[in-house]
Structures are given as C-alpha cells and as structure tokens.
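Listed below are the residues making up each chain.
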Amino acid sequence: QDDSLLELEKTRVKPPPLFKVMVLNDDYTPMDFVVGVLQKFFGMNREQATRVMLKVHTEGAGVCGIYPKDVAASKVEQVCTFARQHQHPLACVMEEN
Ligand code: NFA
C-alpha cells in the first residue's frame, strides 16, 4: 500500500493556522471582572490586563492572545462559561488570523 502521501502530510512544512482570541465590549460587565478574566485565562499581569480591558472598552474589541485552533476554542469556552457563571454578558470570540 502507498503511504507516501500520508507520510508527507505528517511532515509539516507550514506552521499551524493561528486564531486570535478577542474579548468584545458590552455595557454591563464590570471593568474589574474583565481584568480578572484576562489575568486568569490569558496569563497577563494586572497592568497588561488593564491596558487590554481599556482598549476593549474604548475601541469595542481587543486581542487577548493568538493560539492554534484547539487552544483558542478552549479559551473562548472557558471565558464564556466563567462569565455566565458570574452572570456577566462578556463575549469572547475567535477569529482566524
Ligand atoms: N464597558 C464595560 C463597563 O463600562 C467594561 C468592559 C470592558 C466590558 C471590556 C467588556 C469588555 N463596565
């Protein structure tokens, strides 16, 4: 059997596609909660998290991180679940880079 094509597919020549994870502004989620989310799920310190939160607040959206598809999807799910648990409407989405 000819495995050459399958073997070639395993030999990655291109980097994996990357996805931006973005948080979107809304009128209700407290600023402190967003800062906490950015620290908890995206490994930012308080200063970085505050900068990104203010960018989202003023511009409508901001990038939290850039990841392979499965990692990005997991971040989106975790942030949405956490926000809902705390009854905040905070939205988190992923977008191919
Ligand atoms: N706009 C929200 C407020 O004024 C804060 C916020 C920032 C919400 C970033 C969502 C994302 N409370």
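A quick note: this is a predicted structure, and the numbers were derived from the prediction, not measured.

Novice: Help me out: how do you make sense of the layout of surface pockets in this one?
Specialist: As a volume, the largest pocket reaches approximately 160 Å³. Looking at the lining of the largest pocket, the elements that each hand over two or more residues are strand S1 (18-24), helix H2 (31-42) and helix H3 (46-59). No other element matches H3, which puts three residues into the lining of the largest pocket. Grouping the constituent residues of the lining of the largest pocket by class yields nine nonpolar, three polar and two charged.

Novice: When you look at the packing of aromatic side chains in this model, what are you seeing that I'm missing?
Specialist: Geometry of an aromatic ring pair is reported as the spacing of the ring centres plus the angle between the planes. Inspection of the entire model under this criterion finds three aromatic pairs. Arranged with centres 5.5 Å apart and planes meeting at 10°, the rings of Phe33 and Phe82 form a pair that is stacked. Note that Phe33 is positioned in helix H2 and Phe82 in helix H4 (residues 69-85), a separation of 49 residues in sequence. Judged on exposure class, the residue Phe33 and its partner Phe82 are both buried. Relative to Phe82, the ring of Phe41 has its centre 5.4 Å away and its plane inclined at 70°; by these criteria the two rings are edge-to-face. In this pair, Phe41 sits in helix H2 while Phe82 sits in helix H4, placing the two residues 41 residues apart along the sequence. Take Phe41: its relative accessible area is 11%, and that puts it in the buried class. Here Phe82 falls in the buried class, since its relative accessible area comes to 18%. Joined through ring pairs, the aromatic side chains of Phe33, Phe41 and Phe82 make up one cluster. For Lys75, the ring lying beneath its charged end belongs to Phe42, and the centroid distance is 5.8 Å.

Novice: Would you explain the packing of H2 against H4 in this entry?
Specialist: Geometrically, a packed helix pair is captured by the angle between its two axes and the distance between the axes. For the pair H2 and H4, the least separation of the axes is 11 Å and the interaxial angle reads 140°. As H2 runs across H4, the sense of the crossing is right-handed. Residue-level inspection shows Phe33, Val37, Lys40, Phe41 and Phe42 of H2 in contact with H4, the latter providing Lys75, Gln78, Val79, Phe82 and Ala83. In terms of residue class, the contact of H2 with H4 is built from seven nonpolar, one polar and two charged.

Novice: Looking at this model, I keep getting lost on the site of the ligand. Mind explaining?
Specialist: In the region of the ligand, the neighbouring residues are Leu24, Asn25, Asp26, Thr29, Met31, Val34, Met53, Val56, His57 and Leu90. One nitrogen or oxygen atom from the main chain of Asp26 is found 2.7 Å from a nitrogen atom belonging to the ligand. At 3.0 Å from a nitrogen atom of the ligand is found a main-chain nitrogen or oxygen belonging to Thr29. Protein burial of the ligand: of its 330 Å² of free accessible surface, 87% is covered by the chains. With respect to the pocket detection grid, the ligand is positioned in the largest pocket. Those elements that place two or more of their residues in the shell around the ligand are H2 and H3. Here the shell around the ligand takes three residues from H3, the largest share from any one element. A breakdown of the residues in the shell around the ligand according to their chemical character gives six nonpolar, three polar and one charged.

Conventions used here
Residues numbered from 1 in each chain as written. Predicted model: local features only at pLDDT ≥ 70, side-chain atom pairs only at ≥ 80, totals over all residues. Heavy atoms only, no water. 1 Å grid on protein atoms, 1.4 Å probe; cavity = no way out; pocket = protein on both sides within 12 Å on 5 of 7 lines; lining within 4 Å. Points joined across faces, edges and corners; volume = space filled by probe spheres on them. Helix = DSSP H or I, 4+ residues; strand = E, 2+ residues; numbered from the N terminus. Nonpolar A, V, L, I, M, F, W, Y, C, P; charged D, E, K, R; others polar. Phe/Tyr/Trp six-rings, centres within 6.5 Å; stacked < 30°, edge-to-face > 60°. Buried < 20%, exposed > 50% of the residue type's maximum accessible area, 1.4 Å probe, protein only. Lys NZ or Arg CZ within 6 Å of the ring centre and 35° of its normal. Axes fitted to C-alpha atoms, helices over the stretch in contact; angles between N-to-C directions. Left-handed = near helix turned anticlockwise from the far one by under 90°. Contact = heavy atoms within 4.5 Å. Near = heavy atom within 4 Å. Polar contact = N/O pair within 3.5 Å; in protein donor to acceptor, adjacent residues only side chain to side chain. Areas by Shrake-Rupley, 256 points an atom, 1.4 Å probe, with all protein chains shown as cover. Sits in = over half its atoms within 2 Å of the grid points.

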